[in-house]
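One-letter residues, chain by chain:
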Amino acid sequence: MPATLTVPSPPVDPARPRLWALPSVRFGVRRLRRLLVSLWVLVTASFAMIHLIPGDPVRGALGPTAPADLVAARRHALGLDGPILVQYLHYLKGLVTGDLGTSLASQLPVSDVVAQRLPATLILAGLAFLTAVVLAIPLGVVTGVLTRRGRGRRTELAFTTTSIIVATIPDFLIGVALVYVFAIQLGWLPVAGDATASAYVLPVFSLAIGPAAILARIVRVEMVGVLEADFIRTARAKRLPARAIYVGHALPNAVTAALTVGGLLLGALVAGTVLVENVFAWPGLGSTIVRSIITKDYPVVQAIVLVYGVGVLIVNLVVDVAIALLDPRSKIRED
Amino acid sequence: MQGRWRRVVRTPLGLTATVLVVAVVALAVLGPVLWGSGAGAVDTDAILARPSARHWAGTDNLGRDILLRVLVASRLSILLALLATVIAVVAGSLLGSAPFVLGRRTGRWVSAGVNIAVAFPGLLLALFFAVVFGVGATGAVLAIGLAGAPAFARLTQTLVAGVAARDYVAAARAVGIGRFRILLRHVLPNIAEPLVVNATIGAGTALLSFAGLSFLGLGVQSPSYDWGRLLYDGIGMIYVNAPAALAPGAAVLLAGLAFNLFGESVAKGLGVPVGGGLRGVGSARAGAASGPERTDQGEEAGDRSPEVVLDVRDLEVTVSGPSGPVRPVRGVSFDVRRGEAIGIVGESGSGKSMTALAVTRLLADHGRVDASRLEFLGDDLLAPDTAVRRRTLGTTLAMVFQDPMTAFNPTRRIGAQLAEVATRHQGRSRKEAMARAVDRLTAVRIPDADRRARQYPHEFSGGMRQRAMIGMGLMGAPALIVADEPTTALDVTVQQQVLDLLAAIREADDVALILISHDVTVVGEVCDRILVMYAGRIVEDLPAAELATAARHPYTRALVDAVPDMNTDPTEPLATIPGRPVDPADVPPGCAYADRCPLADARCEAEDPLLAADPAAPADSPRHRVACWQAGEPLPVRPDDRSIDDLVESP
Ligand code: SF4
């Protein structure tokens, strides 16, 4: 569920009452405000991260034997030697100008590191989400139709149990299992890297299977519910063929709710890439952030946390807008 | 309480999960004691060995037995997961109850913060805290615990808000008890159960997340080891010895699933039990006894003028109930002629709506339909559905449903929903269909139809929606409109508009109408003929004009009598029909109305009266049928009911 902020609504400007009266305008403004607040919290958190580290992070990173002047120099390089407010403003300014600092490990600009690693992660997450949706919707619709109005009790039980179990398995364990079966036992697919197209298969499926199970379950439940709705009876009274009823009338209504959850899943999937990338030595942000955490390369960690966070915020925004477009009532419901 | 727990164990999934949890906890307690030394023993003869009789899962790079290490690692893995869960639950419930304790203003900020945090995936939060608290077991426990806190805070918030609304909390507040004390005394005990259940699920998740962090190298550090750490070591040698990665992976998975599923089963078991009620047709087949058991005497057999639009003989509907099949419609026969308006009245549960859905073949999964004849425009509706028939029905048979709020698809524009009929069944282009839709909306008196067609259902008022629904039926050229309680859900002020519209359409295009209502006045006003239904049967079939004056069945007369009129004393309570409608699952052997009928005698209770032409009916209404042994007999006077007097004296 996207963040709901209960900030008092701004006073209605009497000069433009018409514009403000439009539900879509109100929705847009409200959603934008929420996005900005979340973004501010995120940026502040990523700034604060380094200051929250107990003790002296620079000393911690360099080790107890490092000479004091090196520590001071490094502290200066990280911008950790001014008053906190100055540091904060400096950090914000850097973000706005695209300056994310310099990696302690490689001495490269952090923005270069991110730019180099981001595409692989984006492709992985995007493909995995698509795969999950493509697997889940037909599966959910079909089992929904099969189990409507208490039909197919066994199908329902088998489907629900399987999907609960599958959804609980963390993606990196699915990854390990897939590697074992398809790379080691069968030797069909490569075990690591992103050099060939076939190298995408295992990482993408490792990420997609769990969300697909959850999504399929939700689509099924929604389908079963929607198929009971009066407007489905209306569609039947119009004598539409079964497929037109299921796909044309039931599915859009079932998908609205599935989309809300789908957004959460996609957010989780963005983070899930971290683990899966480490299983498959995928050259993305996930393997970079882990290495950077271990080597205490704080500027890189800060930047990647920020990138993931922004990714999640964008996903949430897109989902909200998509829901608003698909289900015209949702804009008003939030009022 | 015990019964509820037993319910958890009774499901196969719940039982498995319970057994697994017990086994995993036992392993955590006993594992290090039993195999602690074995797991540390170095076998220099077998370094990085594959599985053998001595080392079932092979050995690691120091020659230590992997299986033993997996077994021993259970204690640390579970301990750390539980610690993290405790942190998550404590921090979460503190945050979650803060709005209650701190009051609205401060609480709002806390919950806003929680809402923002919840929007970020747990793993991202865990990474954030892992940076703050540093790499290692302690850092990972704090990281996973705090990362789980927002979700628990959200849950607590919801639970607290639910309890806070209850009377005893309000009462405690009114007496001036402090908020913190109320929280401890009244609120927490009431939300403890769901919190504990969710904590169990949370423990499973924490276990899996912890394995994730250790697997990344951010959790437990060598020489300590948990399952995640073993996996981290094992993945490097997965080509050399696959079980080194698979064994700890399987262990994490099993333990994580055990906690998760145990929590889920407990949640389900403690919740509201599922079951009962009328169910789908799947089992209707099982017990449905044979064909029609008895029939109404139809209007003279063979009298099927070409004017007949709908012809129904011996219609029965069977649904499956909690204890065997139930028959809410028990042999109904009638026909509808071109341009005729038939009203079907009866109390709820009389089977009138079921009848309407059955004759239009819209009952679908809700029940089984049997009839010796069911024809619409000469078409056999009992035959299997075909594309051709869908087209015919889609353009000639219109439906209007009770609740216009829910009868339209909320995600589609009104115009598109109307146009669909024309594109589907009449082969029109989208544009033509849209033009037709606008035209039809105008025909049902929707102002500014062009603009309205582009709106969504929620932008229409109830009355307008119902008119649009009628407009949808007019997309084709209907021969029959079936309207099921079309005005019941509407404002009194627009009810008349909708009825007038139906009447106007009928007159203009010679469309037949079946109007179903619980309201005798409504049907009396619009219809030519009225079918009175009781307990799944037609008990009287009479011309609308005779309703007030020549109704012969005691039930019809009681219905008419329950309508307030000029003679009703407004200070008296409205006359109602005493007694309850018959339960379709338990229909008595004789006349179904006998229980409530003031005229009932021994014969009524033993023999079921058939619907037959009323011998006493006036010659000018030959189609008057009634099912009563004592049709038309004067009703006894009830002392407390003066309007009955009027009725008795009226014939
Ligand atoms: S048959 Fe008997 S019990 Fe039934 S309605 Fe007639 S008089 Fe009443």
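Everything numeric here is computed off the predicted structure, so don't read it as measured data. (Residues numbered from 1 in each chain as written. Chains lettered and ligands numbered in written order. Predicted model: local features only at pLDDT ≥ 70, side-chain atom pairs only at ≥ 80, totals over all residues. Heavy atoms only, no water.)

So, on to the overall build of chain B. A count of helical and extended segments in chain B gives 24 helices and 13 strands. Looking at the 651 residues of chain B, the share that counts as buried comes to 53%. Within chain B, residue pairs in contact and separated by at least 24 positions form 67% of the contacts whose partners lie at least 6 positions apart. (Helix = DSSP H or I, 4+ residues; strand = E, 2+ residues; numbered from the N terminus. Buried < 20%, exposed > 50% of the residue type's maximum accessible area, 1.4 Å probe, protein only. Contact = heavy atoms within 4.5 Å.)

Looking only at helices and strands, chain A has 14 helices and zero strands in total. Listing each helix as α and each strand as β along chain A from the N terminus yields α-α-α-α-α-α-α-α-α-α-α-α-α-α. Burial status across chain A gives 47% buried among its 335 residues. Look at the contacts in chain A between residues 6 or more apart in sequence, and 72% of them connect residues 24 or more apart. Surface exposure of chain A reaches about 15,200 Å², of which carbon and sulfur atoms provide 70%. (Areas by Shrake-Rupley, 256 points an atom, 1.4 Å probe, with all protein chains shown as cover.)

Residue and element names in this part refer to chain A. At their nearest, the axes of helix H6 (residues 110-146) and helix H12 (residues 285-294) sit 8 Å apart, and the two run at 130° to each other. When the axes of H6 and H12 are compared, the pair comes out oblique. Taking contact as the criterion, the partners of Val113, Val114, Arg117, Leu118 and Thr121 in H6 are, on H12, Leu285, Gly286, Ser287, Thr288 and Arg291. Grouping the constituent residues of the contact of H6 with H12 by class yields four nonpolar, four polar and two charged. (Axes fitted to C-alpha atoms, helices over the stretch in contact; angles between N-to-C directions. Parallel < 35°, antiparallel > 145°, perpendicular 65-115°, else oblique. Nonpolar A, V, L, I, M, F, W, Y, C, P; charged D, E, K, R; others polar.)

With that settled, consider helix H8 (residues 179-215) of chain B. Residue and element names in this part refer to chain B. An ideal rise of 1.5 Å per residue puts 54 Å on 37 residues; H8 reaches only 44 Å between its terminal C-alpha atoms. Roughly 50° is the biggest bend found in H8, and it falls at Leu188, with proline Pro189 one to four residues downstream. Residue Gly217 follows H8 closely and has a positive phi angle near 90°. (Expected span 1.5 Å × (residues − 1). Bend = angle between axes of the 7 residues up to and from the residue.)

Our next topic: the packing of aromatic side chains. Scanning all chains against the criterion turns up nine aromatic pairs over all chains. Each ring, one from A:Tyr200 and one from A:Trp282, has its centre 5.0 Å from the other, and the planes form 85°; the classification is edge-to-face. Of this pair, A:Tyr200 sits in the loop between helix H8 (171-185) and helix H9 (201-226) while A:Trp282 sits in the loop between helix H11 (242-279) and H12, and the two are 82 residues apart along the sequence. Like A:Trp282, A:Tyr200 is buried. On the numbers, 5.2 Å between centres and 65° between planes, the contact of B:Tyr555 with B:Tyr593 is edge-to-face. (Phe/Tyr/Trp six-rings, centres within 6.5 Å; stacked < 30°, edge-to-face > 60°.)

Okay, the interface of chain B and chain A next. Reports of interface size often rely on the accessible area that becomes lost once the parts have come together. On the chain A side, the residues contacting the 71 residues of chain B number 74 residues. Between chain B and chain A lies a buried interface of about 6,500 Å² when both sides are counted; carbon and sulfur atoms form 72% of it. Of all residues in chain B, the largest losses of buried area upon contact with chain A belong to B:Ile116, B:Phe128 and B:Val131, amounting jointly to 9% of the total for that side. For B:Glu420, the salt bridge goes to A:Lys238, with nearest N and O atoms at 2.8 Å. (Buried area = accessible area lost by both parts, 1.4 Å probe. Salt bridge = Lys/Arg side-chain N within 4 Å of Asp/Glu carboxyl O.)

On to the sheet that holds strand E7 (residues 397-400) of chain B. All names here are of chain B. Here we have eight strands laid out as an open sheet, ordered E7-E8-E9-E3-E10-E11-E13-E12, and mixed in their pairing. Lying at the two open borders of the sheet, with one neighbouring strand each, are E7 and strand E12 (612-613). For strand E8 (residues 480-484) and strand E9 (residues 512-517), the ladder comprises five bridges, and the chain directions are parallel. By the bridge assignment, Ala483 is partnered in E9 with Leu515. (Pairing = 2+ DSSP bridges.)

Right, let's talk about a nonpolar patch on the surface for a bit. Taken together, B:Val25, B:Val29, B:Leu30, B:Val33 and B:Leu34 make up a surface patch of nonpolar side chains, about 460 Å² in accessible area. Among the structural elements, B:Val33 can be located in helix H2 (residues 12-40). (Patch = residues over 30% accessible without salt bridge, like charges linked within 9 Å, V, L, I, M, F, W, Y side chains within 5 Å.)

Let us look at the pairing of E9(B). All names here are of chain B. The element E9 is largely enclosed, with a buried count of six among its six residues. Side-chain alternation along E9 places Ala512, Ile514 and Ile516 on one buried face and Leu513, Leu515 and Ser517 on a second face that is also buried. As defined by bridge partners, strand E3 (residues 341-345) adjoins E9 across five bridges and the pair is classed as parallel. By the bridge assignment, Ile342 is partnered in E9 with Ile514. In this fold, E8 hands off to helix H19 (residues 492-509), which returns the chain to E9; that crossover is right-handed. (Right-handed = clockwise from strand over helix to strand, strands pointing away.)

On to the side chain of A:Asp320. Topologically, A:Asp320 is positioned in helix H13 (residues 298-326). Engagement of the side chain of A:Asp320 in a polar contact is seen with the side chain of A:Arg34, the distance being 3.2 Å. (Polar contact = N/O pair within 3.5 Å; in protein donor to acceptor, adjacent residues only side chain to side chain.)

Turning our attention to the nonpolar core. A general trend in soluble globular proteins is that nonpolar side chains are found buried together. Counting residues in each nonpolar core, the largest one holds 129 residues, and the members touching the most others are A:Phe172, A:Val274, A:Ile289, A:Tyr308, B:Phe120 and B:Trp227. In terms of residue count, the dominant contributor to this core is H13(A) (13 residues). Mapping this core onto the domain boundaries places at least three of its residues in each of domain 1 (24-97) and domain 2 (119-334) of chain A. When near neighbours in sequence (up to four residues on either side) are disregarded, A:Tyr308 contacts A:Thr121, A:Val270, A:Thr273, A:Val274, A:Leu285, A:Gly286, A:Ile289 and B:Leu124. Membership of the second largest hydrophobic core comes to 107 residues, among which are B:Ala468, B:Ile470, B:Val532 and B:Cys604. (Core = buried A, V, L, I, M, F, W, Y, C linked by side-chain atoms within 4.5 Å. Domains from an automatic or database assignment.)

Residue and element names in this part refer to chain B. The phi dihedral of Leu377 falls on the positive side, at around 50°, and the residue is not glycine. Topologically, Leu377 is positioned in the loop between strand E5 (373-376) and strand E6 (379-380). In this structure, Ala535 takes a positive phi of about 50° despite not being glycine. Residue position: Ala535 is located in the loop between strand E10 (529-534) and strand E11 (537-543). Residue Ala535 is classed as buried on the basis of its relative accessible area, which comes to 11%.

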